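Observations on chain architecture
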Amino acid sequence: MTQYPMTARGAEMLREELNQLKSVERPKIIASIAEAREHGDLKENAEYHAAREQQSFCEGRIQDIEGKLSNAQIIDVTKMPNNGKVIFGATVTILNVDNDKETTYRIVGDDEADIKQNLISVNSPIARGLIGKELDDMVNIQTPAGTVEYEIIEVEYI
């Protein structure tokens, strides 16, 4: 089986969602189905069909999360010595050489990526270009707008 990298924080968030689905959402949906059954004919009962659809979604999400957690390779960078090298889980501050714009990204697993929070997937073009490089390195990254040159100005393992 293929293992997928995941930060400790990402694994904890998935565990919390799994717990919420199993202990809160699932019982609520079961109660909705039971209540809808009491209303009579199931063929024309919209509440029943909606509750069953919600149950299907919930069970699918539970299976999805359990699968991800079972195949996760959890990496906690806070326990590694910082040698200035960009690795999975590192927080990297880069400087766009062309326009002097500074940006900070955290390299995370595919399921954790959220560009609005500056969390980029390890498989994104920027992360692939940064991984393995070191502090003060110049990096050329191919973007849809063309090649952009960045300088790595800070690498943190937080």
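Calculation notes
Residues numbered from 1 in each chain as written. Predicted model: local features only at pLDDT ≥ 70, side-chain atom pairs only at ≥ 80, totals over all residues. Heavy atoms only, no water. Core = buried A, V, L, I, M, F, W, Y, C linked by side-chain atoms within 4.5 Å. Buried < 20%, exposed > 50% of the residue type's maximum accessible area, 1.4 Å probe, protein only. Helix = DSSP H or I, 4+ residues; strand = E, 2+ residues; numbered from the N terminus. Contact = heavy atoms within 4.5 Å. Domains from an automatic or database assignment. Buried area = accessible area lost by both parts, 1.4 Å probe. Salt bridge = Lys/Arg side-chain N within 4 Å of Asp/Glu carboxyl O. UniProt positions renumbered as here; feature names shortened; annotations may be inferred. Pairing = 2+ DSSP bridges. 1 Å grid on protein atoms, 1.4 Å probe; cavity = no way out; pocket = protein on both sides within 12 Å on 5 of 7 lines; lining within 4 Å. Points joined across faces, edges and corners; volume = space filled by probe spheres on them. Nonpolar A, V, L, I, M, F, W, Y, C, P; charged D, E, K, R; others polar. Axes fitted to C-alpha atoms, helices over the stretch in contact; angles between N-to-C directions.

Okay, the nonpolar core next. Core analysis: the largest hydrophobic core is formed by 21 residues, its most contacted members being Val86, Val92, Ile94, Ile107, Ile126, Leu130 and Ile152. Only strand E3 (91-96), strand E4 (102-108), helix H3 (125-130), strand E6 (138-143) and strand E7 (146-156) provide two or more residues apiece to this core. A per-element tally of this core places E7 first, with 4 residues. Apart from residues no more than four positions distant in its own chain, Ile107 is found in contact with Thr7, Val86, Ile87, Phe88, Gly89, Ala90, Val92, Ile120, Val122, Ala127 and Ile131. Counting residues in hydrophobic clusters, the runner-up holds 15 residues, among them Met6, Tyr48, Ile62 and Leu69.

Many authors give the size of an interface as the accessible area that is lost as the parts come together. Domain boundaries assigned for the chain yield domain 1 (2-73) and domain 2 (75-154). A straight line from the C-alpha centre of domain 1 to that of domain 2 covers 34 Å. Taken together, both faces of the contact between domain 1 and domain 2 bury some 760 Å²; the carbon and sulfur share is 56%. In this assembly, domain 1 and domain 2 are joined by 1 salt bridge. Note that Lys68 is salt-bridged to Asp111, the shortest N-O span being 3.2 Å.

Mapped onto this numbering, the UniProt entry annotates "domain: Transcription elongation factor GreA/GreB N-terminal" (unreviewed entry) at residues 5-74. Secondary structure over residues 5-74 splits into 79% helix and 9% strand, and the C-alpha atoms at its two ends are 6 Å apart.

Burial analysis of E4 places 5 of its 7 residues in the buried class, the great majority of the element. Direction of pairing for E3 relative to E4: antiparallel, over a ladder of 5 bridges. Among the inter-strand pairings, Thr91 is bridged to a residue of E4, identified as Arg106. Where E3 folds back onto E4 in an antiparallel hairpin, the turn is made up of 5 residues, including Asp100, whose phi is positive at roughly 55°.

Right, let's talk about the layout of surface pockets for a bit. Empty space among the atoms becomes visible once a probe the size of a water molecule is rolled across them. Reported here for the largest pocket is a volume of approximately 250 Å³. Contributing to the lining of the largest pocket are 15 residues, with Gly10, Met13, Asp111, Glu112 and Ala113 lying nearest its centre. Secondary-structure elements contributing two or more residues to the lining of the largest pocket are helix H1 (8-37), helix H2 (46-70) and E4. The element that contributes the greatest number of residues to the lining of the largest pocket is H1, accounting for 5 residues. Along the lines of polarity and charge, the residues of the lining of the largest pocket split into 5 nonpolar, 2 polar and 8 charged. Counting residues domain by domain, the lining of the largest pocket receives three or more from each of domain 1 (2-73) and domain 2 (75-154).

Moving on: the sheet that holds E7. One open sheet accounts for 5 strands, arranged E5-E4-E3-E7-E6; its pairing is mixed. Looking at which strands have only one partner, the edges of the open sheet turn out to be strand E5 (119-121) and E6. Pairs of neighbouring strands in the sheet enclose a mean axial angle of 45°, with direction left out of account. Across 3 bridges, the pairing between E4 and E5 is parallel. Directly across from Ile107, in E5, lies its bridge partner Ile120.

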